[in-house]
Each structure stands twice: as C-alpha cells, then as structure tokens.
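Residue-level listing of the chains:
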Amino acid sequence: MSSKNSRLRLASVALIVALSGLAMASPAMAATQPSIAASTAAQEQAPAIPTDFVDLPTSALPADSEPHEFTVTYRNDSTAARTVAPQLLVTSPDAGPFLTPADVRLERRTAHGCWEPVQVGTQTGTLFTDLTTARRTLPAGETLTQVYRLTVVNPEAKGTVAPRVALYG
C-alpha cells in the first residue's frame, strides 16, 4: 500500500508543478500579445498584392545552355520607405510552345555573393519568381539591386526574359 500512496503523491506533485508552470506562463504569454499585434499591424500597412510594377528592359531568352546574369535594379526616389519585390519573368511565345520550370535553372546572388537556387512558378506559359519571398522594405533614397543567373536547360526553349519590380502601397 505504501507503493500506491507514493504513486498517488508523485502524481499529485507532478500535477501541481504542471499547473504552476501554466500559471506562470500565462502572464508571460499575455505580455507578448501587444508585440505580436504591433508586428501584424505593420504588415497590414503594405498591401498583400502589388499596386504597381516597374518594367525593366526585356531581352530574348538565351538558348545556348550557358549561364546569363540579369540584374533587377530599382531606386526609391520617394521621401518614404517603400515595400518592393524584384521579379524575373520568362514568357513563352504567344503561339507556343509554352515553357515549363524544367526548361530553365534560375539562381539568385545572395548578399554574401553566393548563388542559391530559385524556384519558379508557372502560369499560362510564363515562368516567374515568387514575390512574397522577395518582398522587402527599401528605405528612401536607397537602391535595390538583385542579380539572377539564368541557364536554359532545354535548347529548344524560346521566350523573353522580363525583369521587373513590384511596388506595394
């Protein structure tokens, strides 16, 4: 019977410790709620979808299986910070054949000078980079420069490379 009483005491102590921990955590979690709300409010200031695009000069899709660099540059000439996102589009000819993500390999230069792979989406024959992951705040007077390296894997692929910058707000 003493073994049964020990188990019961141990279970009671464990329950009290767990409830005490929960009681202590509740005020700490409540204290973090305003900062979560503040960061959510800051994100809500910039619209979720672009309000405009700045189209940069286009060029023919290079089909020589060599890597080619494309630079997306935008200067924020306004007096306020602006949310922007660089984007690279690769459009198919109107008459087809439509491009697929397997036709190209796309990389982005990081701030450290290394190349990292970029997933491309596709819609109606247009390949595109994701805006949500490229989105950033550009301070007033600053310049955004994003370098992409594009290699055409399918030598039969034809199209146009169209860099642009999405503007929010």
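As a starting point, this report considers the structure included with it. (Residues numbered from 1 in each chain as written. Predicted model: local features only at pLDDT ≥ 70, side-chain atom pairs only at ≥ 80, totals over all residues. Heavy atoms only, no water.)

**Regarding the packing of aromatic side chains**
Scanning the model with the defined rule gives 0 aromatic pairs in all. Against the face of tyrosine 168 rests arginine 135, its NZ or CZ located 4.2 Å from the ring centre. Here arginine 164 stacks its cationic end above the ring of phenylalanine 53, 3.6 Å away from the centre of that ring. (Phe/Tyr/Trp six-rings, centres within 6.5 Å; stacked < 30°, edge-to-face > 60°. Lys NZ or Arg CZ within 6 Å of the ring centre and 35° of its normal.)

**As for the nonpolar core**
Leu61, Tyr74, Val84, Leu106, Leu150 and Val165 are the most contacted members of the largest nonpolar core, which has 23 residues in total. Here the element with the most residues in this core is strand S10 (residues 143–152); it accounts for 4 residues. Setting aside residues no more than four positions away along its own chain, leucine 61 makes contact with Val90, Leu99, Leu150, Val152, Ala157, Lys158, Gly159, Thr160 and Val161. If you look at the next biggest cluster of nonpolar residues, it comprises 5 residues, including Ala85, Leu131, Ala166 and Tyr168. (Core = buried A, V, L, I, M, F, W, Y, C linked by side-chain atoms within 4.5 Å. Buried < 20%, exposed > 50% of the residue type's maximum accessible area, 1.4 Å probe, protein only. Helix = DSSP H or I, 4+ residues; strand = E, 2+ residues; numbered from the N terminus. Contact = heavy atoms within 4.5 Å.)

**Notes on the environment of alanine 60**
Inspection of the secondary structure puts alanine 60 in strand S2 (residues 59–60). Note on alanine 60: relative accessible area 60%, which makes it exposed. For the pair formed by alanine 60 and valine 90, sequence separation is 30 residues and the distance between their alpha carbons is 9.3 Å. The residues touching alanine 60, leaving out its near neighbours within four places in the chain, are Gly159 and Val161.

**Comments concerning the environment of threonine 132**
Residue placement: threonine 132 occurs in helix H2 (residues 131–134). Separated by 48 residues in the primary sequence, threonine 132 and valine 84 have C-alpha atoms spaced 10.0 Å apart. Here aspartate 130 takes part through its side chain, which lies 2.6 Å from a polar atom of the side chain of threonine 132. (Polar contact = N/O pair within 3.5 Å; in protein donor to acceptor, adjacent residues only side chain to side chain.)

**Some details on the pattern of salt bridges**
Enumeration according to the criterion identifies 4 salt bridges in this entry. Its salt-bridge partner being arginine 109, residue glutamate 69 comes within 3.2 Å of it at the nearest N-O pair. Note that glutamate 69 is positioned in strand S3 (residues 68–75) and arginine 109 in strand S5 (residues 104–109), a separation of 40 residues in sequence. With a relative accessible area of 48%, glutamate 69 lands in the partly exposed category. For the salt bridge of arginine 149 with glutamate 107, the shortest nitrogen-to-oxygen distance reads 2.8 Å. In this pair, arginine 149 sits in strand S10 while glutamate 107 sits in strand S5, placing the two residues 42 residues apart along the sequence. (Salt bridge = Lys/Arg side-chain N within 4 Å of Asp/Glu carboxyl O.)

**Thoughts on the sheet that holds S5**
Taken together, the 4 strands give an open sheet; going across it, the order is S3-S10-S5-S6, and neighbouring strands pair in antiparallel fashion. Edge positions in the sheet fall to S3 and strand S6 (115–117), since each has one partner strand and no second. The average angle at which neighbouring strand axes cross in this sheet is 30 degrees, direction not considered. As paired elements, S5 and S6 share 3 bridges and run antiparallel to each other. Bridge pairing in S6 places arginine 108 opposite glutamate 116. (Pairing = 2+ DSSP bridges. Axes fitted to C-alpha atoms, helices over the stretch in contact; angles between N-to-C directions.)

**Considerations on the side chain of threonine 129**
With respect to the secondary-structure elements, threonine 129 resides in strand S8 (residues 126–129). For threonine 129, a relative accessible area of 1% puts it in the buried group. Only 3.1 Å separates the side chain of threonine 129 from the backbone nitrogen of leucine 88, close enough to count as a polar contact. Beyond its immediate stretch of four places on either side in the chain, threonine 129 contacts Pro86, Gln87, Leu88, Leu106, Val118, Gln119 and Tyr148.

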